[in-house]
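# Residue-level structural notes
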Amino acid sequence: MFSLHNLKRNMATTPKVVLIACGSFNPVTNMHMRMFELGRDALNKTGRFHVIEGIISPVSDHYKKKAITMNPLGSDLAPAKHRTHMIKQAIKTSDWIRLDTWESEQSQWLETEKVLTHHREALDSRYNANIHPTPTKRRKKTKTNEDEVDNSAPRIVAGSEEPPVLKLLCGADLLESFGTPGLWSDEDIETIVGKHGLVCITRAGTNPQKFIYESDMLTKFQENILIVTEWMTNEISATKVRRALGRGESVKYLLPDPVIDYIREQRLYGVPDNTISGFSRQAKSRIRAQASKSVRI
């Protein structure tokens, strides 16, 4: 018989998980957001985990030099201030995904392992503060996505028996990149997969299990890798989105409307400045109001 009491008790004892996605988010797309939903559903359905939060951690501007070396298309990396603003717009409708700007504010590019270590320490610190709060220190209120994010205040459920587990949310391309010579150190792969774990969103027709089988390191920690297949295929590539924007083509339904508006207003990615037809109704009204104000002045 269904019991709300038993459900709450099971949720309280089930290990909590925080999903984190690292990357350029240049720009953030609907598929980036969709990955979080797929990852949360898959983990919760196992009955072994309960996802309590998602974190988007965009790279700093210093990733540009690294990106150009690895990929010539990396040279069109938009400044972090623009990428973080677009992410804020994209997550406004989410009640569990937040932006963390710590990585984007660093003065150098950081390996993924260092980013995960930082967030692991932040989670542990927050957990310990909840379990053993300092009587004389008032805890800061966690702000919502509409406000500036307090990076030091991840959401920790009071009364949790253990600190949340941090897992890296990624696509199949990142998993396969572990096999690229010189791109990842064995130590970093062991820490990322062995200590934290991966939730890998893949597409129908790909075979990540074969890649795991062919890697001794990944096979060693395969219990820490959850493969999630996206059966509703949605091939959204940020690279192709930037190309379409530069050609003046529509990207509606590929990106959240507020993100599209911001890209056009800031003329990012070479967006042609010859029409406002691509803007949403709200953005058009805002632009016309600004133009009218300028004429009156």
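Summarised in this report is the structure supplied together with it.

Attention now goes to the overall build of the protein. The number of helices and strands found in the protein is 12 helices and six strands. With 297 residues in all, the protein has 42% of them scored as buried. Long-range pairs, those at least 24 residues apart, make up 75% of the contacts in the protein between residues at least 6 apart in sequence. With the model as given, the accessible surface of the protein reaches about 16900 Å², and the carbon-plus-sulfur share is 50%.

If you walk through the whole model with that rule in mind, you get 11 salt bridges. Note that Arg-83 is salt-bridged to Asp-61, the shortest N-O span being 3.3 Å. Taken as a pair, Arg-83 in helix 4 (residues 80–90) and Asp-61 in the loop between strand 2 (50–58) and helix 3 (63–70) lie far apart in primary sequence, 22 residues in all. With a shortest N-O distance of 2.5 Å, Lys-210 and Glu-214 are connected by a salt bridge. Members of the salt-bridge network, linked through shared partners, are Glu-53, Arg-98 and Asp-100.

Attention now goes to the nonpolar core. Here is a general trend for soluble globular proteins: nonpolar side chains tend to be buried in one another's company. Counting 40 residues, the largest nonpolar core has Leu-19, Val-28, Phe-36, Ile-56, Met-86 and Ile-263 as its most contacted members. Secondary-structure elements contributing two or more residues to this core are strand 1 (16–23), helix 2 (30–45), strand 2, helix 4, strand 3 (97–99), strand 5 (198–203), helix 10 (238–246) and helix 11 (257–266). Here the element with the most residues in this core is helix 2; it accounts for seven residues. Each residue touching Val-28, except ones within four places of it in the same chain, is listed here: Met-33, Met-86, Ile-87, Ala-90, Leu-255, Pro-256 and Val-259. Judged by nonpolar contacts, the second largest core, of 26 residues, contains Leu-166, Cys-170, Ala-172 and Leu-218.

Buried within helix 11 we find Val-259, Ile-260, Asp-261, Tyr-262, Ile-263 and Arg-264. Trailing helix 11 by a residue or two, Arg-267 shows a phi angle of about 55 degrees, which is positive.

Quick look at the pairing of strand 2 now. Counting buried residues along strand 2, eight of its nine residues qualify, which places the element largely inside the surrounding structure. Crossover connection from strand 1 via helix 2 to parallel strand 2: handedness right-handed. Relative to strand 3, strand 2 runs parallel, the two being bridged by three bridges. Each bridged residue has a counterpart across the sheet, and for Gly-54 the counterpart in strand 3 is Ile-97.

Looking now at unusual backbone geometry. Outside of glycine, negative phi angles account for most residues, and trans bonds account for most peptide bonds. Between Asn-26 and Pro-27 the backbone carries a cis peptide bond, its omega angle lying at 0 degrees. The backbone of Phe-25 sits at a positive phi, close to 50 degrees, despite the residue not being glycine. As for its position among the elements, Phe-25 is in the loop between strand 1 and helix 2. For Phe-25, a relative accessible area of 6% corresponds to the buried category. The backbone phi angle of Tyr-269 is positive, close to 60 degrees, even though this residue is not glycine. By the element assignment, Tyr-269 lies in the loop between helix 11 and helix 12 (281–296). Using a relative accessible area of 13% as the deciding quantity, one classes Tyr-269 as buried.

To continue, consider the sheet that holds strand 4 (residues 165–171). Reading across from one edge, 3-2-1-4-5-6 is the order of the six strands in this open sheet, with parallel pairing throughout. Two strands close off the open sheet at either side, each with one partner strand: strand 3 and strand 6 (225–230). Taken over all neighbouring pairs, the strand axes of this sheet differ in orientation by 25 degrees on average, direction set aside. With four bridges connecting them, strand 1 and strand 4 associate as parallel partners.

Tallying each qualifying case throughout the model produces zero disulfides. Distance from the sulfur of Cys-22, which forms no disulfide, to the nearest cysteine sulfur (Cys-170) is 9.9 Å. For Cys-22, a relative accessible area of 21% gives the class partly exposed. Here Cys-170 is not cross-linked by a disulfide; its sulfur's nearest cysteine counterpart is in Cys-200, at 4.4 Å.

Cut-off values and rules
Residues numbered from 1 in each chain as written. Predicted model: local features only at pLDDT ≥ 70, side-chain atom pairs only at ≥ 80, totals over all residues. Heavy atoms only, no water. Helix = DSSP H or I, 4+ residues; strand = E, 2+ residues; numbered from the N terminus. Buried < 20%, exposed > 50% of the residue type's maximum accessible area, 1.4 Å probe, protein only. Contact = heavy atoms within 4.5 Å. Areas by Shrake-Rupley, 256 points an atom, 1.4 Å probe, with all protein chains shown as cover. Salt bridge = Lys/Arg side-chain N within 4 Å of Asp/Glu carboxyl O. Core = buried A, V, L, I, M, F, W, Y, C linked by side-chain atoms within 4.5 Å. Right-handed = clockwise from strand over helix to strand, strands pointing away. Pairing = 2+ DSSP bridges. Axes fitted to C-alpha atoms, helices over the stretch in contact; angles between N-to-C directions. Disulfide = S-S within 2.5 Å.

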